[in-house]
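Listed below are the residues making up each chain.
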Amino acid sequence: MTSVEVGHELPQWEMGFVDPQRMKTMAAILRDPYEVHWDHGAVRPLGFDRVINQGPLNLSYVANMLMAWQGPSCIRRLDVRFTTPVFEGDALVARGTVTAVDTVDGEQRATCDVRLDRGDEAVLVGTAMVTINAPVDG
Amino acid sequence: MSEEDLHALVGHRFPGGVRTIEHWENWLLSDCTGGGQLGGDLVHPIALFHVPIQGAGTSIAELFELCGAQGAGSVGLDGYDWEYFAPLREGVEYRVDGEVTEVERTVSEQTGRIADRFVYAIEMTDPEGVLTARITNHWRIRR
């Protein structure tokens, strides 16, 4: 059993290289026609030379951090803001800090400040609520 | 899009429908995140972007059309608020319903450029009618 206290820093999760090939697969799954995710010709007029990662993928790195910490069925809420675009080739680090621990519906839950960083710059910030010691199969 | 037309979008209901998440879809989705497979029939939580949209009987393209987005760079993400009342599972037929909930027009004092906030909310219920997830997505449409 994991003991979780306010102020606890979550083990960080790293995406070392945002892969444009994954963006293409993601665009197909999402049926996303927004060409900034897969066509370099669409982003050049915007002043960029790299395609832009999908928002859900940015959030997925935070979700992966939370699930690596408390199990694959632990996430109860993700409430986030996207502050700046993420581009192909970026290196990102998901981080989190526990801000509250409560009992809700008989489960112990942690509220966490979460963020996704590119170097010193936050590209996503928000809060997450997770079940502590969530069962592996949900 | 006029401001009147923008505000008329509030309350617009999507057709609604059902959506089942297949194993292949979950596998590819999880692979895209770089986090590996979750195991069993658990669905990666990031499925709460496209599954509610598609299950509600709409699409990203239709949402762009609805809010009048035009061209690359016209759509920005403000944020997501996703609630999970139970884990999502492969092979379960979820009922999906939602609507546009908020809009707001803003005009930059510096540039005069218009940007509209566009918010929609969608709920997913399991075959027993139990609420499984609720999403509220905030987009910004640059005019």
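What follows is about the interface of chain B and chain A. The interface of chain B with chain A comprises 30 residues on the first partner and 36 residues on the second. Broken down by secondary-structure element, the contributors of at least two residues to the side of chain B that touches chain A are helix H2 (23–33), helix H4 (60–67) and strand S2 (75–84) of chain B. Ranked by residue count, the leading element in the side of chain B that touches chain A is S2(B), at nine residues. The residue makeup of the side of chain B that touches chain A, split by class, is 17 nonpolar, nine polar and four charged. Relative to S2(B), strand S2 (residues 75–82) of chain A runs antiparallel, the two being bridged by five bridges. Bridging from a neighbouring strand, A:Val80 pairs with B:Tyr80 of S2(B).

All right, on to the packing of helix H1 (residues 20–30) of chain A against H2(B) then. At their nearest, the axes of H1(A) and H2(B) sit 9 Å apart, and the two run at 145° to each other. Judged by the sense of rotation from one axis to the other, the crossing of H1(A) with H2(B) is left-handed. Judged by residue contacts, A:Arg22, A:Thr25, A:Met26 and A:Ile29 of H1(A) engage B:Glu25, B:Leu28, B:Leu29 and B:Cys32 from H2(B). Classifying every residue of the contact of H1(A) with H2(B) gives five nonpolar, one polar and two charged.

Turning our attention to the nonpolar core. Residue and element names in this part refer to chain A. If you look at the biggest cluster of nonpolar residues, it comprises 77 residues, and the most contacted ones within it are Val 62, Leu 66, Ile 75 and Ala 128. In terms of residue count, the dominant contributor to this core is helix H3 (residues 55–70) (nine residues). Those residues in contact with Leu 66 that lie beyond four places of it in its chain are Cys 74, Ile 75, Ala 128 and Val 130.

Here we come to the pairing of strand S5 (residues 121–131) of chain A. All names here are of chain A. As paired strands, S2 and S5 are joined by seven bridges and run antiparallel to one another. Within S5, the position partnered with Val 80 by the bridge is Gly 126. Here ten bridges tie strand S4 (residues 107–118) to S5, and the two strands are oriented antiparallel to one another. Its bridge partner being in S5, Cys 112 is matched across the sheet by Ala 128. Taking the residues that link successive antiparallel strands as the turn, the S4-S5 hairpin has two residues, and the phi of Gly 119 there is positive, at about 65°.

What follows deals with the sheet that holds strand S5 (residues 131–142) of chain B. A sheet is described by the order of its strands in space; here ten strands give the open sequence S1(A)-S3(A)-S4(A)-S5(A)-S2(A)-S2(B)-S5(B)-S4(B)-S3(B)-S1(B), paired in antiparallel fashion. A single partner strand is all that each edge strand has here, and the edge strands are strand S1 (13–15) of chain A together with strand S1 (17–20) of chain B. For this sheet, the mean inter-axis angle between neighbouring strands, taken without regard to orientation, is 25°. Note that strand S3 (residues 93–107) of chain B and strand S4 (residues 114–125) of chain B share twelve bridges and pair antiparallel. Paired with B:Val103 across the bridge in S4(B) is B:Phe118. Contacting S1, S2, strand S3 (92–104), S4 and S5 of chain A together with S2 of chain B, H3(A) crosses the sheet at an angle of about 45° to S5(A).

What counts, and at which threshold
- Residues numbered from 1 in each chain as written.
- Chains lettered and ligands numbered in written order.
- Predicted model: local features only at pLDDT ≥ 70, side-chain atom pairs only at ≥ 80, totals over all residues.
- Contact = placed C-beta atoms within 7 Å.
- Helix = DSSP H or I, 4+ residues; strand = E, 2+ residues; numbered from the N terminus.
- Nonpolar A, V, L, I, M, F, W, Y, C, P; charged D, E, K, R; others polar.
- Pairing = 2+ DSSP bridges.
- Axes fitted to C-alpha atoms, helices over the stretch in contact; angles between N-to-C directions.
- Left-handed = near helix turned anticlockwise from the far one by under 90°.
- Core = buried A, V, L, I, M, F, W, Y, C linked by C-beta atoms within 7 Å.
- Buried ≥ 20, exposed ≤ 12 C-beta atoms within 10 Å, placed from the backbone.

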